[in-house]
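# Commentary on secondary and tertiary structure
Chain residues, written in single-letter form:
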2 protein chains.
Amino acid sequence: MRVSLLYSGGKDSSLCALLLEPFFEVELVTCTFGLTEAWRTAQRAAIMLGFAHRVVTLPRDILDECVSMLLDDGFPHNAIKFVHFKAVEHLIKNGAKLVADGTRLNDRVPKLTYAELQSLEYKYGSCIIRPLMGYSKPSVMALVRRYFEIEENESDMIDKADYETEIRHVIRERYGTEKVRELFPHHTQSRVILRKR
Amino acid sequence: MRVSLLYSGGKDSSLCALLLEPFFEVELVTCTFGLTEAWRTAQRAAIMLGFAHRVVTLPRDILDECVSMLLDDGFPHNAIKFVHFKAVEHLIKNGAKLVADGTRLNDRVPKLTYAELQSLEYKYGSCIIRPLMGYSKPSVMALVRRYFEIEENESDMIDKADYETEIRHVIRERYGTEKVRELFPHHTQSRVILRKR
């Protein structure tokens, strides 16, 4: 069974790739709006981990709606959640029978609600797998320490290919650096730099 | 890392064992109140799958409280949930640093709430892993078909070592077969009979 795993190069989606590897034919997929080359970071990480990797360009109107939500809300939660839903839907609409993501049970990052997940599964007959939903942070971190070397830093300092990177980029381009600071809370991010065998 | 997986011999807990196998030292644990030898079914399945297996006898007062809840409620949901919580807590109190169970995201079977899970993790410093929480029924079934041959039947017809088996037994002993029918809704259960390699 082939699974398309949404992949940022961060520790959570990288751990997902490892958890799926023994049971599925895993393809790592990084989404982009074509604004930056942040996807190259994810591609390098995917190659380093030993997985197939594909870049998918999402329609620009998804970004426009996301930016409009972000400016209305004044914080990024709903806007990033919206992009994530659209990314999953895009993969499914384009034929993916199994889509996976790296959301954890107690993730601060926006994740699909149970209703959204069910509606996508029922509507398109595909399955969505979230291997880390059964893991809380301490057990994720134990596995991450066992299998990876990671780099952690402030989210604007780290080279990573999550949705936030391109959304920050477009806000910076259109409204300046100060607006990015205003809209995005400080938080640390991680990326994987080595797989321990 | 050693993980103690609560194990009934059914398809869900067997699939969990497989999902954990590449990453942990997995020990399958079947709980009993010492009333029946239903645990032998789980032990046979565990050996067939190729895992270490241990039988843990839970204190009888847990069963008494469970039966009392069951009679008060008139349905088994809360009573089985209570036993499951106590089983997880028992393993943790007796030194298990990692405990796993086979609950699915959309399981009808009682599962730990997020608050219960967090309180157990914080109180005792252990971790609880639920590998199937990120899988909905169709993807679980696809993996089950790939890796197992299973037998399915009505829950009172199937040889299995879940909590329900011994609770049914004690209700039958104390109140007769009619009371078992009254308290437990009809539903099908499964057990694993072969691992496909």
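Residues numbered from 1 in each chain as written. Chains lettered and ligands numbered in written order. Predicted model: local features only at pLDDT ≥ 70, side-chain atom pairs only at ≥ 80, totals over all residues. Heavy atoms only, no water.

Residues and elements named next belong to chain A. The 5 strands are arranged β3-β2-β1-β4-β5 in an open sheet whose pairing can be described as parallel. Where the open sheet ends on each side, the last strands, each with one partner, are β3 (52-57) and β5 (127-129). Strand after strand, the sheet turns through a mean of 30° between neighbouring axes, direction not considered. Relative to strand β4 (residues 98-100), strand β1 (residues 2-6) is paired through 2 bridges, and the arrangement is parallel. In the sheet register, Leu5 faces β4, and the bridge partner there is Ala100. Against the sheet, helix α4 (residues 77-93) makes contact with β1, β2 (25-32), β3, β4 and β5, and its axis sits at roughly 155° relative to β1, the strand it touches most. (Pairing = 2+ DSSP bridges. Helix = DSSP H or I, 4+ residues; strand = E, 2+ residues; numbered from the N terminus. Axes fitted to C-alpha atoms, helices over the stretch in contact; angles between N-to-C directions. Contact = heavy atoms within 4.5 Å.)

Here we come to the sheet that holds strand β5 (residues 127-129) of chain B. Residue and element names in this part refer to chain B. Reading across from one edge, β3-β2-β1-β4-β5 is the order of the 5 strands in this open sheet, with parallel pairing throughout. Edge positions in the sheet fall to β3 (52-57) and β5, since each has one partner strand and no second. If you compare each strand with its neighbour and ignore which way they point, the axes differ by 30° on average. Together, β2 (25-32) and β3 form the strand contacts of helix α2 (residues 39-49), whose direction differs from that of β3 by roughly 165°.

What follows is about the side chain of Glu121 of chain A. Here Glu121 of chain A lies in helix α5 (residues 114-124). With no salt bridge to any partner, buried Glu121 of chain A finds its closest opposite charge in Arg130 of chain A, at an N-O distance of 7.7 Å. Here the side chain of Glu121 of chain A touches Ile128 of chain A through a polar contact of 2.8 Å, landing on its backbone nitrogen. Sequence-distant contacts of Glu121 of chain A, that is, excluding residues within four places in its chain, are made with Ser126, Cys127 and Ile128 of chain A together with Ser136 of chain B. (Buried < 20%, exposed > 50% of the residue type's maximum accessible area, 1.4 Å probe, protein only. Lys, Arg positive; Asp, Glu negative; His and termini not counted. Salt bridge = Lys/Arg side-chain N within 4 Å of Asp/Glu carboxyl O. Polar contact = N/O pair within 3.5 Å; in protein donor to acceptor, adjacent residues only side chain to side chain.)

Position of Ser126 of chain B relative to the elements: it lies in the loop between α5 (114-124) and β5. Separated by 2.9 Å, the side chain of Ser126 of chain B and the backbone oxygen of Ala96 of chain B make a polar contact.

Moving on, we come to the interface of chain A and chain B. Taken together, the contact between chain A and chain B spans 25 residues of the former and 25 residues of the latter. Carbon and sulfur atoms supply 69% of the area buried between chain A and chain B, which totals about 2200 Å² over both sides. There are 0 salt bridges connecting chain A and chain B. Taken together, the links from chain A to chain B amount to 4 residue pairs in polar contact (both at pLDDT 80 or more). Of all elements in the fold, only α1 (11-20), α5, β5 and α6 (137-147) of chain A reach the threshold of two or more residues within the side of chain A that touches chain B. With 5 residues, the top contributor of residues to the side of chain A that touches chain B is α6 of chain A. Of the residues belonging to the side of chain A that touches chain B, the class tally is 19 nonpolar, 4 polar and 2 charged. (Buried area = accessible area lost by both parts, 1.4 Å probe. Nonpolar A, V, L, I, M, F, W, Y, C, P; charged D, E, K, R; others polar.)

Shape descriptors only; they carry no functional weight alone.
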